[in-house]
Structure formats: C-alpha cells, structure tokens
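Fold and geometry: a report
Take a look at the letters that make up each chain.
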Amino acid sequence: MTPTLWPLWALAISLLLLALGGLLWPLLREPRDAPADGGDRLRELYRRKREELAQEALSPAEHQQALDELQLGFLQELEAASPAPALRDSPWQTRLPAALLSVALPVAALALYLHAGDPRAVAELAIASAATHEGSGNQVETAVARLTERLRANPDDLEGWLVLARSQETMERFGDAAQSYGQAIAAATRQQAPADIVARLQADLADALGSAHDGDLGGPAQAAIAAALALDVNQPKALALAGAAAMRRSDIDTARRHWQRLLALLPPGSDMALRVESDLQRLSAPGAAASLGARVAIDATLADGIPPQATVFVVVRPAGERMPAAVVRLRASDLPADVVIDDRHAMSPDRPLSRFGAVTVQVRISPSGQALAQPGDWFSDALPARPGQQGLALIVRSGVKPGA
C-alpha cells in the first residue's frame, strides 16, 4: 500500500468502525422487556378517534371527509409501525449475530470495493438503487397490499378489515372492498359485536356491491340490505339503499316508506335531510298519477331455466305503435316484483306516459341484456292498459311471441 493511500484507508476504516458500532450496540446491550404492539395501540387510538367523530356535530359530507382522513392516517401509521421484537431467552441470541456482523460487514465492504473498482462506480450503484426505490409504486397501494397480508394472518382484526375496505373503496376497487366488508362481518360475528355494528357493515357491503355492479342493488346487494334492516330497522345507510333499490324496481310505495323512516332519523335541515326531502317530493310528481302498477313474475315451468343475471325489460308501448314509450329494467333474480311505471321512465321527455290514453305492457327477459329482442328471449303476454291502471299481472311464459 503506498503512503498516499493511507489517508483514504484510514477514513474507510473509521467509517467501518462507526457502522459496526451502530449495529453492534443494540445487540450487545442488556435486553429489555418487549414493548407493546404498536399496531394494537394504533387500532385503539383509531377506535377512540372514530367514536369522537361520531359525537361531533358535522354534516354528512364533513363527517365522511374527516373519517376518510382518519382512515388514511391510520393506514399510513400502521404501515410505518414495526412489529414488536421477540423476547430473548439467551445472550447468544444477540452475541452470535454481533460476531457474524463483525466479520461479515468488513468482508462485504471489501468485496464491494473490489467489485466496484473506484468511487465513481459506487456512486453510480447508489443512484441506480435510489431510482429503483422511486419506481416501487404508489405508497398507499403498497400499504394496502401489506395490510392485506397482515389480515390474512389475523382475520379477527375487525378495525383492520374496516380500514382496508375503506381504502379499497377510495381506490375504486369495489369488488375487493366488498370482500373485505365480508371479512369484517365474519370477524364481527365471531366477536359477537353489537347488532347495530354488524348492520352498518352489512349496509357498507351492499353499497360496495352496488358500486361494483354499476349501481345494481339487486341480488347479493339486496340480500345485504335486508340483513342490515333485519338487525337494525333504523340503520340510515340501509334505509337509503333500500329506497334506491325500490326505485330501481319502480316500487314507489316501498321507496317512500324507507325514505320517510330515514328522514325521521336525520337532523332537520341537514344536507342529507334536504336530499331525502327532494327525493320524496319527486315521488309525488304529477306524472305519478298516470302511473301503471304491475306484478311481474316468471311462470313456474321456467323458473329453473332462466339465469338469475338475465335482464328483465318491462316495456310500455302506445297502442298500435312499436316504439316504446317507457321502459323499466330489472334482473331475473329480482322477480317476482311489484313495479310502478310513470313519466320518470319515459324514453323521451316529448313522449311521457301520461300523454297516451291506451297502451300495451309486456315483459321481455333477455339473457344477453340486449335492448332489441333476440332469439332465445322470453316474453309475457302484451296486456292492454291505460295510464293510472293498477294490478296488472305480467307472467313470463314459454312459447309466447313478442307483441305488436
């Protein structure tokens, strides 16, 4: 080694000793009791903060924003929290790693230097490593993925499942959110959580299922709504969704009943109360007086042959015309169902149902969901009716051809 390299080697050895000191000191000092699990403390803090939010006089929009911020903060803190260290039963559990580090670190440093060849190569290696970390993806997505892994090992972590579901909804991964809500319901059931908590989770599940299926609240979403209301008849979110589901079926009476109950639970003058009042006013619009009421069902001989996801069209045509004036869309899984058809379902504002004196009403079930009739569709009889008529019975039967 030439004398001109002594300062360089002295600096390298000093840095090596400093690094070893920083690594060996925590291993060689006397062990202490294991700290409490940081994740447990964070979950308890999150639970208390959420309870405090529920007591604050906030509008629904402000409450939801505050809740979203709280959940995101919890997710980030949980990701940053390191797992509690294991208890040490023997001093060799610390001394052996210390001895290995004392040998391995200098050898690794020498090997790196010999491989790199000069300081510029080392700098290039550091830059490449930094670029790799910068391209590792969105921090929230990474945190969500790691939280998912933790929950697989701890499926009874109700708060964890709830935060995961909320995060997935924020990321518009509604199918994943529905699965997480399902896990949260299972955890709450195992823990014998209060009925109102499980009811809220069922309502959240229904909302996620509806969002995952373009607003369709039939099938599994409808079952979740029913489960929520069975546990708590005054669950606000479930009442709002039940009314919306009834409106999709054109069941105005049922929608009105759910929304009136919801309105009685809301603070007068709040944003949500005003929205519900507006929805109730629309139910009483003048076009409702010209509505048609019908019971839609499938003949028993076809019950096993029609797929539950098939689309059901209830079509109203002016007498003697083929162009529909109004259409209501359902799913086969929703049947039997009571539907109400009025001016809100008009195909064009220029052709409201109340404009016509005589119409025909027919049901078509389409496995493909196509708006135009296709081979393999099922039909009911085309019944004559007048706007304002109620009690029509539309039964989908085999072998019936489309009406005029």
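What comes next is a walk through the structure. (Residues numbered from 1 in each chain as written. Predicted model: local features only at pLDDT ≥ 70, side-chain atom pairs only at ≥ 80, totals over all residues. Heavy atoms only, no water.)

**Re the pattern of salt bridges**
Here is the rule: By convention in these notes, a salt bridge is any Lys or Arg side-chain nitrogen within 4 Å of a carboxyl oxygen on Asp or Glu. For each residue, the accessible area found with a 1.4 Å probe, counting protein chains only, is set against the maximum for its type, and the residue is called buried under 20%, exposed over 50%, and partly exposed in between.
Taken as a whole and assessed by the stated rule, the structure comprises 14 salt bridges. One salt bridge in this structure joins Arg344 and Asp342, with 3.0 Å as the shortest N-O distance. The partly exposed category is assigned to Arg344, whose relative accessible area is 35%. Within this structure, Arg166, Arg200, Asp204, Asp207 and Lys237 form a network of salt bridges that share partners.

**Topic: the side chain of Ser167**
What counts here: Secondary structure elements follow DSSP: runs of H or I of four or more residues count as helices, runs of E of two or more count as strands, with numbering from the N terminus.
Mapped onto the secondary structure, Ser167 falls in helix α7 (residues 158-170). Accessibility expressed as a relative area gives 9% for Ser167, which makes it buried.

**As for the nonpolar core**
Rules: Definition of nonpolar core: a set of buried residues of the types Ala, Val, Leu, Ile, Met, Phe, Trp, Tyr and Cys, connected through side-chain atoms within 4.5 Å. The contact rule is simple, with two residues in contact once any of their heavy atoms fall within 4.5 Å.
One finds Leu201, Leu205, Trp259 and Leu283 to be the most contacted residues of the largest nonpolar core, which totals 47 residues. Leave out the neighbours within four places in its chain, and Trp259 touches Leu239, Ala240, Gly243, Ala244, Met247, Val276, Asp279, Leu280 and Leu283. In this structure, Ala326, Leu353, Ala385 and Val396 belong to the second largest nonpolar core, which totals 29 residues.

**Description of unusual backbone geometry**
Residues Leu335 and Pro336 are joined by a peptide bond in cis, for which omega reads 0°. Its place among the elements puts Pro336 in the loop between β3 (326-331) and β4 (337-341). Phi is positive for Glu172, which is not a glycine, with a value near 60°. By the secondary structure assignment, Glu172 is in the loop between α7 and α8 (174-190).

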